[in-house]
Amino acid sequence: MAPRSDNSKRLNELRMKHGRPPAGPNEPKAAKAEPTLREQQPRFRGLESGHRACQGCGEALAARLVMESAGPDVMVANATGCLEVFSTPWPQTAWRVPWIHSLFENASAVASGMEAAMKAKGKNTKVLSFGGDGATYDIGFQSLSGMLERHHNVLYVTYDNEAYMNTGIQRSSSTPHAASTTTSPVGAERMGKRHLKKDLLSIVAAHHIPYAASASVAYPADLQRKVRYAMGVEGPTFLVIHSPCPLGWRHDSALTVEIARRAVECGLFPLVELERGALTNIMPIRDPRPVAEYLKLQGRFAHLFKKNDYRAAEELDHLQALADHNIAIYGLRGEGTDPVDTTGVAQVRRGGPLAGRN
Amino acid sequence: MGEMTRGQYADAGTSLDFKTGNWRSTQRPVHVHAKAPCHTACPAGEDQQAWFALLQEQKVEEAWKSLVSANPMPGVTGRVCPHPCETACNRVHVDGALAIHNVERWLGDEAVRLGWDYPVAAPAKDAKTVAIVGAGPAGISAAYHCVRLGLKAEIFEALSEAGGLLRSAIPPTRLPRGPLDAELGRILDLPGITLNLRQRLGRDVTVESLKAQYAAVLLAPGCEKAKPWSVQGAVPADLHEGLELLRDFMDHGALPDAAKGDVIVHGGGNTAMDICRIMKRAGAKSVTLITASGLPGPDTAPDDLINVVPRELEEALEEGIEVIDHATVSRLIMKGSKVTGVEIIALKKEPGKDGRKRRVEFEGTERVVSVDMVVPCVGEQVDPEGYEGLLDGAYFWPDNAGGRVAERVYALGDARGSRGTVAAAIGDGRLAAEAAAAELRGEDDPSADDRSTIGIDALNTAYYAGASRTLVAKLPVSERTFEAEIEGSISRTEALAEAQRCLSCGNCLACDNCWTMCPDNAVIKTAELAMDGSHYVFDYDYCKGCGLCTHECPTGYIQSVPETN
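The number of helices and strands found in chain A is 12 helices and 11 strands. Here chain A has a C-alpha radius of gyration of 22 Å; the compact-globule value for 358 residues is 21 Å, and the two agree. Each principal axis of the C-alpha distribution contributes one length, and for chain A these read about 80 × 45 × 45 Å. Residues counted as buried form 56% of the 358 residues belonging to chain A. Put simply, of all contacts in chain A between residues at least 6 apart along the chain, 69% involve residues at least 24 apart.

Take a look at the structure:
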């Protein structure tokens, strides 16, 4: 066994580094260093650099944006999934808030307990619960439903990358129709996934909760407004964020935001807000674009552009019909130009976004 | 047991200890300040993007100062320039080019109205003096840039007034004398500039005497002599060349009697356009312009396009000028030595065997038109008196950017031979002054700006608000006279609104997109440490090189370059 002094030396190093109080009166105090440029950033860095997300990860971007507008007085219960894996490779963490990971299926249950504990202690710290689409649409579905039904004061955010990406791109109930995954491959029988994407937002809203909304990484201002709104609500709130996955969707890592933008602009991923089960707000689409413009950038839909396969054209028309259906039922086609429609909300000018960040 | 790890203390380390920057395998983002297409296209060397950026911050005087660091007479060019900047503007592909010339003119007029000081200091008492021949746009620009570079300038002008072709060949409907006098006066009043009037080269001074007396000699005599014009050797006895006609008209206000009838103007430049419009307004029965070039249209090749200010052409057509494009005068029909008609033939520039384009006349397209007067406007050349040994044919044709034709002697403006606009003359003034200043310091010629130009493909137009071009009032045809300016001015509100349309091509807009959209938190926002004029630095310790910021940068200021580590 190494001499004890070695350990205390290491302990001291750590204390110096992290600014912890000295163990004894004779130990030197950590020098207060000038804040680094990174520490001076005018935003809360809840999810810090050095995480192991892939290049161009939409989920990492979404989680960073959520933490910026939710933090710092929050705690996170994280389900199993990409986000959990890439942010906390032992013995490091990218989180700068209290953060718990237990299992795939129980993030909502853990969050419920955390919220109850905070309430018992008389604290106002907001509890967030994070999960991917697998943990939310499928595996953690019942615990989510229970949390909503018990009316816990928790903001649940699901990062929807439309398949089990962490384990190697298996289909989930959130995978869109006709997308190719390793468990819904393209072949002689099928053109990718046979079934439709589960409309989880409607199911969640049917719990009659105060606020449920969808957002997209393509519109950070809109996403952060929704987070801030949900943070101000007492009771269960729910946010689903469309988060492209360059690896699973098979697209260039530079196109993450471009693809997310096209998903919204074609109508396949409608941005809507529901309060107490009723549709209260939508983001109008200024100029709806064909779904093909969204699909053709992604390898998981490449089979839809195969020449001389009648099924390709049929599935393409099917997806177009699904997008048109969304536009019709949510009334996404705006009347004239709106400063917060899909075109207006993205606009910038010298010095920042045109519409401001409120 | 060795050293205890952090995990044994149950004390999580920060992921900041893990530098994901070494994941970059193919590309890394960098800030690249490429040239905006307006800047590349500007013969005067203005960086329109730079001064529009200042206007976007409501810094009007600073914007003017940035503008006049290249072009000291925006009030003039805003009125007379064919604005290639607007043709090149990337916003053409979105919802119409910026109204650059209108804003430029407004800035120039504001500077005169409010008496803003030119951003130059008085040259030192012992500063070297440069002699400049000709007080046209090139000469005055050269004098201004000499002062800007710490030299003194002494101008020798043959006529009794400064202004050159601005005064002698551009009608007041395009360039009213009030703004012209005010702007030129303010430049000529700058400390360090001396103007000697009625000093003609070859009569009062010579290149040699100037060279002996001054540190450098800048020759900006312009082109005063009409190019010889004939059709298959025939020259009418009562020939009036276009520029001469224009000068006479500006001096005396009268045109020859034949100008009351049917007139044909042969040529394709602004002088031709001006003379057409003046004759029509003076009562010519009909005025027809015959030009070898093409009219603007979707299929017109850039090298085939008629070289006139686009709005001038529009206005001329409004006023009833007829234009026969892709044609030339192939024969003069004379009664004695007086013209009674012309034969017109269609022609076009076609690539020949060696690939170089030449004019091909199309047999079988001849037609005869009866006319009372033919006015050639086929260009002018340098009056060779006093320039023996320096001219290469009709012009100086210098082979370098600064225009050096001999040691400490530079040629600039129209006299170079390859120029044709006021803006190019102003640009030459700067280039020659910079080259002369370098030569006097014993340095090499200033290096050219070889940055690349950014095209529409490098921009992400999803982030720009739609806004249509500011419409500017024009005098209706019935109210147009020989004096009143035709194009109206714009207001401060309109100018600032127009400035907001600038896409900031190739330069940082400080829009926060890269900062907001980096999944890895690897863009750091800072005004102090971003020495490149942006507000951001990349933290290459963590940047994984995904390219997202490059794609989402509206202006193309972030570019992905191959990773070399």
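The next thing to look at is the overall build of chain B. The helix and strand inventory of chain B stands at 17 helices and 21 strands. Across its three principal directions, the C-alpha atoms of chain B cover 120 × 60 × 50 Å. In chain B, of all internal contacts separated by at least 6 residues, the share reaching a separation of at least 24 is 71%. Distance from the positive charge centre (57 side chains) to the negative charge centre (80 side chains) of chain B: 2 Å.

Moving on to helix H8 (residues 220-231) of chain A. Its 12 residues place the ends of H8 of chain A 16 Å apart at the C-alpha level, agreeing with the 16 Å of an ideal helix rising 1.5 Å per residue. Restricting attention to buried positions, one finds in H8 of chain A the residues Pro-220, Ala-221, Asp-222, Leu-223, Gln-224, Lys-226, Val-227 and Ala-230 of chain A.

Take the nonpolar core next. Counting 178 residues, the largest nonpolar core has Met-67, Phe-130, Phe-238 and Ile-241 of chain A together with Leu-55 and Leu-218 of chain B as the members making the most contacts within it. Per-element accounting of this core gives the leading share, nine residues, to helix H14 (residues 422-440) of chain B. When residues are assigned to domains, this core turns out to be shared by domain 1 (17-33 + 508-562) and domain 2 (36-224 + 382-453) of chain B, each giving three or more. Apart from residues lying up to four places away in sequence, Phe-130 of chain A is in contact with Val-66, Met-67, Val-76, Ala-77, Asn-78, Ala-79, Leu-83, Trp-95, Ala-107, Tyr-156, Val-157 and Tyr-159 of chain A. The next biggest cluster of nonpolar side chains, apart from the first, holds 27 residues, and it includes Leu-246, Met-279, Leu-313 and Ile-321 of chain B.

Time to look at the interface of chain B and chain A. The interface of chain B with chain A comprises 60 residues on the first partner and 55 residues on the second. Of all residues in chain B, the largest losses of buried area upon contact with chain A belong to Ser-15, Trp-515 and Asn-521 of chain B, amounting jointly to 13% of the total for that side. Summed over the shared surface of chain B and chain A, the result is two salt bridges. The partner of Arg-38 of chain A in a salt bridge is Asp-539 of chain B, with the nearest N and O atoms 2.8 Å apart. One can count 32 residue pairs in polar contact (both at pLDDT 80 or more) joining chain B with chain A. For the side of chain B that touches chain A, the elements supplying multiple residues, two or more each, are strand E1 (13-14), helix H2 (48-56), helix H16 (513-517), strand E19 (523-525) and helix H17 (548-552) of chain B. No other element matches H16 of chain B, which puts four residues into the side of chain B that touches chain A. When the residues that make up the side of chain B that touches chain A are grouped by side-chain class, the tally is 29 nonpolar, 19 polar and 12 charged. Two elements, strand E2 (residues 92-93) of chain A and E1 of chain B, share two bridges in a ladder whose sense is parallel. Bridge pairing in E1 of chain B links Thr-93 of chain A to Thr-14 of chain B.

Turning our eyes to something else, we now look at the environment of Ser-418 of chain B. Secondary-structure assignment places Ser-418 of chain B in the loop between strand E18 (409-411) and H14. Since its relative accessible area comes to 47%, Ser-418 of chain B is described here as partly exposed.

It is worth spelling out the sheet that holds strand E8 (residues 262-267) of chain B at this point. All names here are of chain B. One open sheet accounts for four strands, arranged E10-E9-E8-E15; its pairing is parallel. Each having just a single partner strand, strand E10 (322-324) and strand E15 (373-377) make up the two edges of the open sheet. Ignoring which end each strand starts from, the neighbouring axes of this sheet average 20° apart. Here three bridges tie strand E9 (residues 286-290) to E10, and the two strands are oriented parallel to one another. In the strand pairing of E10, Leu-289 is matched with Val-323.

Counting through the fold element by element, Glu-86 of chain B comes out in helix H5 (residues 84-88). Non-local contacts of Glu-86 of chain B, meaning those with residues more than four positions away in its chain, are made with Val-92, Ala-97, Leu-98, Ala-99, Ile-100, His-101 and Arg-469 of chain B.

In this section: unusual backbone geometry. Residues and elements named next belong to chain A. Cis geometry is adopted by the peptide bond preceding Pro-72, which originates at Gly-71 and carries an omega value of 0°. Pro-91 follows Trp-90 through a cis peptide bond whose omega is 5°. The topology assignment puts Pro-91 in the loop between helix H3 (82-87) and E2. You will see that Arg-276, though not glycine, has its phi angle at about 50°, which is positive.

Residue and element names in this part refer to chain A. Strand order across the open sheet formed by eight strands is E3-E1-E4-E5-E7-E6-E8-E9, with mixed pairing between neighbours. Edge positions in the sheet fall to strand E3 (99-101) and strand E9 (278-282), since each of these pairs with one other strand and no more. Strand-to-strand twist of the sheet, defined as the mean angle between neighbouring strand axes without regard to direction, takes the value 20°. Of the pairings in the sheet, the one linking strand E8 (residues 272-275) to E9 comprises four bridges and is antiparallel in character. Paired with Leu-274 across the strands is Leu-279, a residue of E9. Each of strand E1 (74-78), strand E4 (126-132), strand E5 (154-160), strand E6 (211-216), strand E7 (237-242), E8 and E9 is contacted by H8, which is oriented at about 160° to E6, the strand it contacts most.

Attention now moves to the environment of Ala-424 of chain B. All names here are of chain B. With respect to the helices and strands, Ala-424 occurs in helix H14. Take Ala-424: its relative accessible area is 8%, and that puts it in the buried class. Through-space distance from the C-alpha of Ala-424 to that of Asp-541 is 47 Å; in sequence the pair is 117 residues apart. Here Ala-424 is in contact with Pro-43 and Arg-419, once residues within four sequence places are set aside.

Another point: the packing of helix H12 (residues 270-281) of chain B against helix H13 (residues 310-318) of chain B. All names here are of chain B. The N-to-C vectors of H12 and H13 enclose an angle of 25°; their axes lie 10 Å apart at closest approach. For the element pair H12 / H13, the angle class is roughly parallel. For the pair H12 and H13, the crossing hand works out as left-handed. On the side of H12, the interface is formed by Met-273, Asp-274 and Arg-277, while H13 contributes Glu-312, Leu-313, Glu-315 and Ala-316.

Now for the side chain of Arg-350 of chain A. Counting through the fold element by element, Arg-350 of chain A comes out in the loop between strand E10 (348-349) and strand E11 (352-353). The side chain of Arg-350 of chain A sits in the buried core without any salt bridge; Glu-57 of chain B is the nearest counter-charge, 4.6 Å away. Side-chain polar atoms of Arg-350 of chain A contact the side chain of Ser-504 of chain B, separated by 3.1 Å. Side-chain polar atoms of Arg-350 of chain A contact the backbone oxygen of Cys-508 of chain B, separated by 3.2 Å. Apart from residues lying up to four places away in sequence, Arg-350 of chain A is in contact with Gln-49, Ala-53, Gln-56, Glu-57, Ser-504, Cys-508 and Leu-509 of chain B.

All names here are of chain A. Secondary-structure assignment places Ser-243 in the loop between E7 and helix H9 (246-249). Taking relative accessible area as the criterion, Ser-243 reaches 1% and is therefore assigned buried. Taking the C-alpha atoms as reference points, Ser-243 and Ser-173, 70 residues apart in sequence, are found 16 Å from one another. If near-sequence neighbours (up to four positions away) are discounted, Ser-243 is found in contact with Gly-58, Glu-59, Ala-62, Tyr-159, Asp-160, Asn-161 and Trp-249.

Bringing the packing of aromatic side chains into the picture now. For the structure shown, the criterion picks out 14 aromatic pairs over all chains. The interplanar angle of 85° and the centroid separation of 5.3 Å between the aromatic rings of Phe-130 of chain A and Tyr-159 of chain A together place this pair among those described as edge-to-face. With Phe-130 of chain A in strand E4 and Tyr-159 of chain A in strand E5, this residue pair connects regions lying 29 residues apart in the sequence. For the ring pair Tyr-156 of chain A and Phe-238 of chain A, a centre distance of 5.9 Å and an interplane angle of 15° mean the geometry is stacked. With Tyr-156 of chain A in strand E5 and Phe-238 of chain A in strand E7, this pair connects stretches of sequence that are 82 residues apart. Residue Tyr-156 of chain A is classed as buried on the basis of its relative accessible area, which comes to 1%. Judged by its relative accessible area of 1%, Phe-238 of chain A falls in the buried class. Here the aromatic cluster, defined as three or more aromatic residues joined through ring pairs, consists of Trp-95, Trp-99, Phe-130 and Tyr-159 of chain A. For Arg-52 of chain A, the ring lying beneath its charged end belongs to Phe-18 of chain B, and the centroid distance is 3.4 Å. Geometry around Trp-249 of chain A places Arg-300 of chain A over its ring, the cationic atom sitting 3.9 Å from the centre.

What counts and how
Residues numbered from 1 in each chain as written. Chains lettered and ligands numbered in written order. Predicted model: local features only at pLDDT ≥ 70, side-chain atom pairs only at ≥ 80, totals over all residues. Heavy atoms only, no water. Helix = DSSP H or I, 4+ residues; strand = E, 2+ residues; numbered from the N terminus. Rg over C-alpha atoms; globule rule 2.2 N^0.38 Å. Buried < 20%, exposed > 50% of the residue type's maximum accessible area, 1.4 Å probe, protein only. Contact = heavy atoms within 4.5 Å. Lys, Arg positive; Asp, Glu negative; His and termini not counted. Charge placed at Lys NZ, Arg CZ, Asp CG, Glu CD. Expected span 1.5 Å × (residues − 1). Core = buried A, V, L, I, M, F, W, Y, C linked by side-chain atoms within 4.5 Å. Domains from an automatic or database assignment. Buried area = accessible area lost by both parts, 1.4 Å probe. Salt bridge = Lys/Arg side-chain N within 4 Å of Asp/Glu carboxyl O. Polar contact = N/O pair within 3.5 Å; in protein donor to acceptor, adjacent residues only side chain to side chain. Nonpolar A, V, L, I, M, F, W, Y, C, P; charged D, E, K, R; others polar. Pairing = 2+ DSSP bridges. Axes fitted to C-alpha atoms, helices over the stretch in contact; angles between N-to-C directions. Parallel < 35°, antiparallel > 145°, perpendicular 65-115°, else oblique. Left-handed = near helix turned anticlockwise from the far one by under 90°. Phe/Tyr/Trp six-rings, centres within 6.5 Å; stacked < 30°, edge-to-face > 60°. Lys NZ or Arg CZ within 6 Å of the ring centre and 35° of its normal.

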